[in-house]
Structure formats: structure tokens, C-alpha cells
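So you can see what is in the structure, the chains are spelled out below.
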Amino acid sequence: MLFAIFYLLPVYVLLATSFKSFAEVSLKDMWKLPQNISLDSFKIAWRGDTSKGVTGLSKNFMNSIYLVIPATLISSLLGSMNGYVFSKWKFKFSNTVLALIIFGMFIPYQSVLIPMVVVLQKIGLYGSIPGLIFIHCVYGIPITTLIFRNYYSTVPTELLEAAKIDGGGFLRIYKDIMLPISMPGFAVVMIWQFTSIWNDFLFGLVVAQKPSIQPITVALNNLAGSYFVEWNIQMAGALITAVPPLLLYIFLGRYFMRGLLAGSLSGI
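Quick caveat: nothing in here was measured; it's all calculated off a predicted structure. (Residues numbered from 1 in each chain as written. Predicted model: local features only at pLDDT ≥ 70, side-chain atom pairs only at ≥ 80, totals over all residues. Heavy atoms only, no water.)

### Some points on the overall build of the protein chain
Stated precisely, the cut-off is as follows: Put simply, DSSP H or I for four residues or longer makes a helix, DSSP E for two residues or longer makes a strand, and each gets a number counted from the N terminus. Relative accessibility decides the category of a residue: with a 1.4 Å probe and only protein chains considered, values under 20% of the type maximum give buried, values over 50% give exposed, and everything between is partly exposed. By definition in these notes, contact holds between two residues if any of their heavy atoms fall within 4.5 Å. Note on areas: Shrake-Rupley, 1.4 Å probe, and residue coverage restricted to the protein chains presented here. None of His or the chain ends enter the tally, which takes Lys and Arg as positive and Asp and Glu as negative. Each charge is placed at NZ for Lys, CZ for Arg, CG for Asp and CD for Glu.
Within the protein chain, the secondary structure is distributed over 12 helices and 2 strands. Its helices and strands taken in sequence order, the protein chain reads α-α-β-β-α-α-α-α-α-α-α-α-α-α from the N to the C terminus. With the principal axes as the frame, the protein chain shows a C-alpha extent of 75 × 50 × 30 Å. The proportion of buried residues among the 268 residues of the protein chain is 43%. In the protein chain, once contacts between residues fewer than 6 apart in sequence are set aside, the share between residues at least 24 apart is 74%. Summing over all exposed atoms, the protein chain offers an accessible surface of approximately 15100 Å²; the carbon and sulfur share of this is 71%. Side-chain charges of the protein chain comprise 18 positive and 10 negative groups, with the mean position of each set lying 5 Å from the other.

### Some words on helix H8 (residues 170-178)
Owing to its 3.6 residues per turn, the α-helix brings residues three or four apart onto one side. In plain terms, the rule: The arc in question is formed by the directions pointing from the helix axis toward the C-beta atoms.
What H8 keeps buried is the set Ile-173, Tyr-174, Ile-177 and Met-178. An end-on view of H8 places all buried positions within 105° of arc, on one side of the element. Exposed and facing more than 90 degrees away from the buried side of H8 are Leu-171, Arg-172 and Lys-175.

### Observations concerning the nonpolar core
Let me state the cut-off plainly: Throughout this description, the term nonpolar core refers to a set of buried Ala, Val, Leu, Ile, Met, Phe, Trp, Tyr and Cys residues connected via side-chain atoms within 4.5 Å.
In this structure, Tyr-84, Met-116, Tyr-152, Ile-173, Met-178 and Phe-203 are the most contacted members of the largest nonpolar core, which totals 55 residues. At 11 residues, helix H6 (residues 129-152) tops the list of elements feeding residues into this core. Setting aside its immediate chain neighbours within four residues, Tyr-84 contacts Trp-89, Tyr-152, Leu-160, Phe-170, Ile-173, Tyr-174 and Met-178.

### Examining the packing of aromatic side chains
Put simply, the rule reads: Classification of ring pairs rests on two measures: the distance between centres of Phe, Tyr or Trp rings, Trp counted by its six-membered ring, which must be within 6.5 Å, and the angle between planes, read as stacked under 30 degrees, edge-to-face over 60 and tilted in between.
Applying the stated criterion across every chain, the model contains 16 aromatic pairs. Pairing Tyr-139 with Phe-203 gives two aromatic rings, centres 5.4 Å apart and planes at 50°, and the pair type is tilted. Note that Tyr-139 is positioned in helix H6 and Phe-203 in helix H10 (residues 202-207), a separation of 64 residues in sequence. When the ring of Phe-148 is compared with that of Phe-186, the centres are 4.8 Å apart and the planes differ by 65°; the resulting orientation is edge-to-face. Taken together, the residues span a long stretch of sequence, with Phe-148 in helix H6 and Phe-186 in helix H9 (residues 183-198) at a distance of 38 residues. Since its relative accessible area comes to 10%, Phe-186 is described here as buried. An aromatic cluster is defined as three or more aromatic residues linked by ring pairs; in this entry it consists of Trp-46, Phe-61, Phe-194 and Trp-198.

### A look at the environment of Gln-214
Looking at where Gln-214 falls in the secondary structure, it is placed in the loop between H10 and helix H11 (216-221). For the pair Gln-214 and Lys-59, spaced 155 residues apart in sequence, the C-alpha to C-alpha distance is 8.8 Å. Not counting residues within four places of it along the chain, the set of residues in contact with Gln-214 comprises Asn-60, Asn-63, Ala-208, Gln-209, Ala-219 and Asn-222.

What follows is the structure, encoded as C-alpha cells:
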């Protein structure tokens, strides 16, 4: 209980400050509840205020939506197909290839920024949301492949052998057998990917340099304003940014746990 209270203290400060007016915000009163609940900080954080030099988060919120949905779906589907191949369709050096793919999870983001920018410039995706989608799909493949590979390893091989005898090929077996039983695995992978992509800051900052296409996490960093920092607006913006992944875990968290218990992370 004490550890839970300690962990939730920043959340309490975030909520209390975001509902205060600027006149109530101070270091000595940071632990106090707002005397009068005000929603002005949320309105300014969302819409912006030119008089305060604050740009709202509404456009950047939609940029994150346009980014996270296709990147999550594509990386999850690619990981599912890779996991299917590496668990049930063994080929020469398959374990070596799998190890190389998984190794990609341990490469620091900072070490690939320069070659990443060069590649994006060469293929014409630098400075765009499709470029961010491409990067997150590539970086999502190792973890999604690993999760699905371990998930599919629990599927009886005899089931696939029977499908092969009936004339099922690679794609047909995947579509008719593996995909329908993959929902627990997809729950785990998609929640993981959604949260990781939504909370990303580094790639959004490097790839999307124009404010008009930046995701909300990067725009939040610019919410301080041009003249002085209004902490209630900053806290309101942080709360707005945190709402989508928070709602995802509230409503889909039970599917995440079911997916884990179904074996999607077994053997890691």
C-alpha cells in the first residue's frame, strides 16, 4: 500500500494542478486540492492561446492517431506472419535469422538515428507521418515476432500436418487456422505496440521536424509557451496525452492478461 501511494503521488499532483487556475499554482501549494475547479487549462492545452504563445494539442493528437493505428496494425500483422513462419515452417538457418531479428530489440535508438534519417530521405519519407509509420513498423517487428513465435509454438503441430494433408498451403493454413486462434496474441501485441508508439518521443522529434505533423508527445514538449510556463496548462496537456493508452488498459487490460496467460509470452 505504501509503495502504491508513493507511486501515485505524481499522478495526484498532475490531476490537482491541471484543474487549478494559474493563480493557484505554486510550489508551496502543489499538494493542495484546487479551491475552484477550472477547465480553462484543458481548453488552452487543447485549442491553444495565441496571447500566451501556446499552440494547442488538437492537431497533434490527430497526428498521433494517424500514426499509431496503421503502425500498430501493420507491425502486429507482420509479427504474426513471422511468428507463424519461425514456429511452424522451419528452414535452413531459421534460428539464426530469428536471433538476428530479435537482436534488433537491443539496438539503442540513438545509434541508428543518422542512418535512419538517410534511408528515409532516400525513399522520400523523411519529415512525414508515413515515415514515422515505417520506422515504428520496422522497430516493432522484433518484439511482435518474438511474442507470436512463442504463442504459435503452443499450437499442436499435428493440426497443421492435418491441414497440409488436406491440401492447405502456407497462406491458407495461416488464414484459416492460425489467424482465427490468434486473438489473445493480437491483444497482447496491439496493446503493447499502441502504448509504445503513442508514447514515443525520440523518433517523432527527429523524423517529424515540422510542428504541423509532429505527434502529441513532441507537441507536449512545446506547450510551455513563448513567455513563461503555466504549469496548470502543462499538466492538463500531459493528462490529455495520457488518456488514450490509459483508456486502452482500462477497457482492454483483461484481454492483455488473458493473452499473457494463453502463452503469448511463454518461453521468453
